[in-house]
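Here are the chains, one letter per residue:
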Amino acid sequence: MNVSVLRTQLSGVLRRPGRILMTGLSVLVAALVVFGTVLAHQIVTRTMLDTFSNTPEAVSLVVASQGGTPITPEQLTQIRDTPGVTTLAGRTSVYVTAAGIDLDVHADPGTGPMSRVTLVAGTYPDGEREIALDRRAAERIGLRPGGTLRLDGWQEGAEPVSVTVTGVVDGPQDAAERGWAPDTVLDALAGRPGYPRVDLITAPGTDLDATMTRLGEQLLRDPSVYLSITTGETTRVREATDEVRQLDQVFALIGMFVGVAVVAAALVATSTFRIVFAQRMRQLALLRTIGAQRGQLVGALLAEGAVVGLVTGATGVLIALAGGLAAPVVAGWSGRTITGPGVPVGPAIAVVIGAVLITVGAVLAPAFAAAGVAPLQALRSSSVAGSERGVSAVRLVLGVLLTACAGGLIRLTLDSMDSQGDGNRELLYLLGVGTCAYGALIALGPLLIRPVLAAVGAPLRLLGPAGRLAVSGIGGTPRRAAAVSVVVALGVTMLAGTIVGISGMQTYTDRQMAVRTPADLGMFAEDGPLGADVVTGLRADGRFTDVTPFRTADFSGGQISHVAIDLDPAGLPALDVLEAEDGSLAAFGPGRAILADVVAADLGARAGDTVTLTSPAGGTVRLEVAAILTGEAPLRLGAVLTPADLTTLGGAGPEPTGVLANIASGTRNDALAAFRAIGAGAEIAVLADERDKAGAEIESLLFAALGLLGLTVLIAVVGVGTTTGLSVMERTRESGLLRALGMSRGKVRLMIGAEAGLYGLIGAVLGTALGVPLAWFALDALRLDIPWTFPAGRLLLIIVALAAITVLAGIVPARRAARVSPVAALSVD
Amino acid sequence: MSPDGFAVTATDLVKVYGTGDSAVRALDGVTVGFRRGRFTAIMGPSGSGKSTLMHCLAGLDAVTSGRITIGGTDLTRLRDRQLTALRRDRVGFVFQAFNLLPQLTARQNITLPSEMAGRRVDADHLAHIVDVLGIGDRLGHRPAELSGGQQQRVALARALATRPEVIFADEPTGNLDSRSGAEVLGLLRDCVRGLGQTVVMVTHDPSAAAYADRALVLADGRIVHDLDGPTRATVTEALGLAGVR
Ligand SMILES: Nc1ncnc2c1ncn2[C@@H]1O[C@H](COP(=O)(O)OP(=O)(O)OP(=O)(O)O)[C@@H](O)[C@H]1O
Ligand SMILES: [Mg+2]
């Protein structure tokens, strides 16, 4: 009997292979994504090991200092004198600032097998106080070979040094602009003899092991010396492995996102099987009527799930594998070399087994529910849509418990926030809050569908009967709608949370940047004030706008000394984001001051108080505090005063000591050159660079997060497509009826498309409602000091985008429904 | 309004299902006209082509050859879009399986075709129909909360609401007990007498056919009898001649 029940079910499945694909589509995508990640990891790791090296191929031995002490000149001589060693190059780098940008200057011989750079213009430096710049640095600073540059920061407390730029090179790069010079030149500039590492080349045919032993005997005779001696080969592998290890962390993070996507796939699969089994209720009931046991039905349905999991899991793995194996070829077209992933059999099998387990797990609940069908059900001609109403008591209780659990954890988090901690506990609590809240959403989802539908469906009703039918179609099957919408909600919760978090970070950095870099360009007088013609010159030049001169003066408040600035806060648009912690920025004017928070604390002042500022020379000014900022004042100073008040305070001449300006037109490098020309002699800073860097970092963070969350959204969209497809299949008669009653094909398509869009819309609304408060709570709980924001535009964009994408997912089922012949309505089964 | 007083006409209708060896000639040269304001029953043995004839007449299915007019419009020349509009505006349907939309209330089901046409339902007309059909206190309910007879009356009200040229009914009493069936048939006849509706009904049941003004008997895709003022007895006899016990 069991076998025959199994056979009835499985033959039903095999007769319609399209359905396997449909019920298992989410599992297929999940398997594809998981195995795709495995392959991507393989490709990246192998490519990295094959190609990455910071050590040139020619280097045969590497001596590196292991303590903080560099390799001394004496040790260098010992190394040079060791038989077999032909060439050696010191490896070191120094961080300096040049013309307002940071420059990372590296040692490199410039030519020969040890060099990592190629010359593109001029000559490679070989004399005292000569360096080369990489192309990016040369462009940014606006220097050609032969120009000079003042570099600051070579040595602690030393004066800036002027160097000649002899050439421009291409070389390995990272985020920073780089300079290059021979080791000895760099050594002299930095004023610290010795290198942390020396690369050696040995004569051809030299026995490396013997040379290493000899080097060791020479260098390590003194027990206080900490040096490592390794072959170039070992170093290259270690460097590549270190690089790979960093990537492993990235992949661990990606793995977490993939994990959430797998959860989404399991949810979708559960919902799909529930629908499919509901459609087969009559048949299952018939089997019960003629004597099939519940257990037999459950077994048969679980077996069906296993088959679906096996087929779709294997398909997903194979598609991913095809993509992975094709990757090197595709990369080859664009001239890049990457190493293929090979065929990782173990992980492939694991993914397929995982797919089977997840699918069987997903089938479990629907299978028990379906097998519980009353035999009588076979005799009733029940419509699927009519047969689900309300929420079971178990669900209700579970939902309430989970809500309570989330509430309790919030309480706990709030309590632990008062105590000191490393934040790990809060993170754990937060994870619990999120999980409980989302669990409650799954349990109580069917109850939420109607109210949300009433709100978001209202505009659809304007579309006439098609829209209205779509809304009532979804309202009529709230459990189904909830099942698919909560998966969309899972994706949107995380999306909305990420967006809120990142937009908070953006506001935070904007404020910080407004303080640090209120304009694109800055000019600061070196010795004596700026010439009177500088400001007029800048104002006359169309390339600049918001030209804002300023003077600064020292003052002491309570205990510490601070700097006041007479900058016009209304002069620079970037300063609009400044926020007052107390008082109002609009109240600023003659006789009033804006104070940084630390200064206010130092003076013990609140907004509205009157304070007395004293200059080192003894001048005083009494001012009312107009506003206290949430952080520092512009340019990281202590107070903003009007020019007249600053003059009263004393300590500043009549001429400006600095000027800020924004670039109105032209490229940044052009503007910078003009700025430099007008302000010859003054220190120039490209403040915009710093701002861009911070902005770009946050932006790339946002895009990375959106891309990874896209996986979950993708699976949710697959869920919407499948659910809509199955709904259309079971409502063939209804589609036919509507066609018979005179609904046009287009309207039928519109109706089904609207249904799919509504699943997405409801999910997006629920997700936003859950994600935004969770993100706010997380920001507070983790004490990140990031302000709460409500990025309405972006959130709205997400909601609209999801509705649109899910409408697209409904296109195939919609076309199918529109093709139904009206005669279908008349046929009686 | 066509001058000859026919709501629906069919000329030399041929309908062939499938091709080659498996081809079935479900209609084999049917020519018939249905006068306005008359109640016609179509009868015949199973497989004789009753449903096929009705589907073709109603513009639900395409004919292989022949011509059909509803209110003077030639259906066989219309494209899907126009055909859909024609069904919506000038044809009403009553099905054996009621075919109401489960998620809509009775009233919403009744007004659905008019709304799809973008028209308001004439409130007086609706009130009149609802009154005649006796479903006034059921309008707020969904189909699942109605008895079979009530559902069929709602379906009838939906068919009547657009004042169609003709109502087609396929076994409208097939799913009802005899009392509810008799009520629905009585109502159909009342619509013809009282509202001047044209009704074409497919049925197996000779006593149902007795409610009609005229009965056609089909056999093998042809009309073999055409009875005026049929009674149970005359219909049974005609069916017997056509090969039904
Ligand atoms: N879609 C179809 N494809 C092929 N043959 C069909 C199709 N529909 C009907 N037929 C055939 O056409 C003939 C007429 O069928 P039709 O459904 O019109 O009969 P009917 O008189 O309505 O029968 P019943 O009283 O059983 O409903 C039958 O032989 C049937 O097998
Ligand atoms: Mg029939």
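What you are looking at is a predicted structure, and each value in this text was computed from that prediction instead of being measured.

**So, unusual backbone geometry**
Residues and elements named next belong to chain A. One non-glycine residue, R129, lies in positive phi territory at about 55 degrees. Position of R129 among the secondary structure elements: in the loop between β5 (118–122) and β6 (130–134). Unusually for a residue other than glycine, R636 sits at a positive phi of about 60 degrees. Along the chain, the position of R636 falls in the loop between β19 (620–629) and β20 (639–640).

**Points about the interface of chain B and chain A**
Contact with chain B, which involves 23 residues of that partner, is made by 23 residues of chain A. Buried area between chain B and chain A, both sides added, is near 2,200 Å², and the carbon and sulfur share of it is 65%. Interface area lost by chain B to chain A is led by N99, Q103 and M116 of chain B, which between them contribute 24%. In this assembly, chain B and chain A are joined by one salt bridge. Of all the elements in the fold, those that place two or more residues in the side of chain B that touches chain A are α1 (50–57), α2 (80–90) and α3 (106–116) of chain B. For the side of chain B that touches chain A, the class distribution of residues is 12 nonpolar, five polar and six charged.

**With respect to the pattern of salt bridges**
Residues and elements named next belong to chain A. Taken as a whole, this structure holds 28 salt bridges over all chains when the rule is applied. A salt bridge links R245 to D242, with the nearest nitrogen and oxygen atoms 3.5 Å apart. Highlighted residues: R245 and D242, both in helix α7 (residues 232–279), separated by three residues, approximately one helical turn. Of the residues examined, D242 reaches a relative accessible area of 35% and is grouped as partly exposed. R606 is paired through a salt bridge with D582; the nearest N and O atoms lie 3.7 Å apart. Highlighted residues: R606 in the loop between α17 (597–603) and β18 (610–614) and D582 in strand β16 (residues 580–583), separated in sequence by 24 residues. Exposure remark for R606: the relative accessible area of 57% places this residue in the exposed category. Several salt bridges share partner residues, and in doing so they unite R91, R197, D199 and E239 into one network.

**A word on the confidence of the model for chain A**
Detailed reading of the predicted model is not advised wherever pLDDT is low. Mean pLDDT over chain A: 83, with 93% of residues reaching 70 or higher. Scored below 50 in pLDDT, residues 381–387 of chain A shows nine contacts in the model against residues more than four places distant or in partner chains.

**Considerations on the state of the cysteines**
Residue and element names in this part refer to chain A. Here the structure, examined in full by the defined rule, presents one disulfide over all chains. One disulfide bridge connects C405 with C436, the sulfur atoms lying 2.3 Å from each other. Highlighted residues: C405 in helix α11 (residues 393–418) and C436 in helix α12 (residues 424–456), separated in sequence by 31 residues. Of the residues examined, C405 reaches a relative accessible area of 31% and is grouped as partly exposed.

**Details of the sheet that holds strand β9 (residues 214–219) of chain B**
All names here are of chain B. With mixed pairing, six strands are arranged side by side in an open sheet as β6-β7-β8-β3-β9-β10. If you trace the sheet from one side to the other, it starts and ends with β6 (91–94) and β10 (222–228), each paired once. Across the sheet, the axes of successive neighbouring strands diverge by a mean angle of 20 degrees, strand direction being ignored. The strands touched by α1 within the sheet are β3 (39–43), β7 (166–170), β8 (199–202) and β9, with β7 carrying the most contacts at an inclination of about 150 degrees. With respect to the sheet, α2 is in contact with β6 and β7, its orientation differing from that of β6 by roughly 75 degrees.

**Examining the packing of aromatic side chains**
Residues and elements named next belong to chain A. Inspection of the entire model under this criterion finds six aromatic pairs over all chains. Residues W776 and W788 carry aromatic rings whose centres are separated by 5.0 Å and whose planes lie at 5 degrees to one another, so their mutual orientation is stacked. In this pair, W776 sits in helix α22 (residues 745–781) while W788 sits in the loop between α22 and α23 (792–809), placing the two residues 12 residues apart along the sequence. The partly exposed category is assigned to W788, whose relative accessible area is 47%. An aromatic cluster is present here, built from W776, W788 and F790 joined pairwise through their rings.

**Re the nonpolar core**
Among the nonpolar cores identified, the biggest contains 121 residues, and L13, L57 and F168 of chain B are the most heavily contacted of them. Looking at this core element by element, the count peaks at 17 residues for α22 of chain A. Each of domain 1 (1–52 + 258–380) and domain 3 (447–517 + 689–829) of chain A gives at least three residues to this core. Those residues within four positions of L13 of chain B in sequence are excluded, and the remaining contacts are L27, D28, G29, V30, L53, C56, L57, V63, S65, G66, R67 and I68 of chain B. With 42 residues, the next largest nonpolar core counts V121, V192, A212 and A219 of chain B among its residues.

Definitions and cut-offs
- Residues numbered from 1 in each chain as written.
- Chains lettered and ligands numbered in written order.
- Predicted model: local features only at pLDDT ≥ 70, side-chain atom pairs only at ≥ 80, totals over all residues.
- Heavy atoms only, no water.
- Helix = DSSP H or I, 4+ residues; strand = E, 2+ residues; numbered from the N terminus.
- Contact = heavy atoms within 4.5 Å.
- Buried area = accessible area lost by both parts, 1.4 Å probe.
- Salt bridge = Lys/Arg side-chain N within 4 Å of Asp/Glu carboxyl O.
- Nonpolar A, V, L, I, M, F, W, Y, C, P; charged D, E, K, R; others polar.
- Buried < 20%, exposed > 50% of the residue type's maximum accessible area, 1.4 Å probe, protein only.
- pLDDT = per-residue confidence, 0-100.
- Disulfide = S-S within 2.5 Å.
- Pairing = 2+ DSSP bridges.
- Axes fitted to C-alpha atoms, helices over the stretch in contact; angles between N-to-C directions.
- Phe/Tyr/Trp six-rings, centres within 6.5 Å; stacked < 30°, edge-to-face > 60°.
- Core = buried A, V, L, I, M, F, W, Y, C linked by side-chain atoms within 4.5 Å.
- Domains from an automatic or database assignment.

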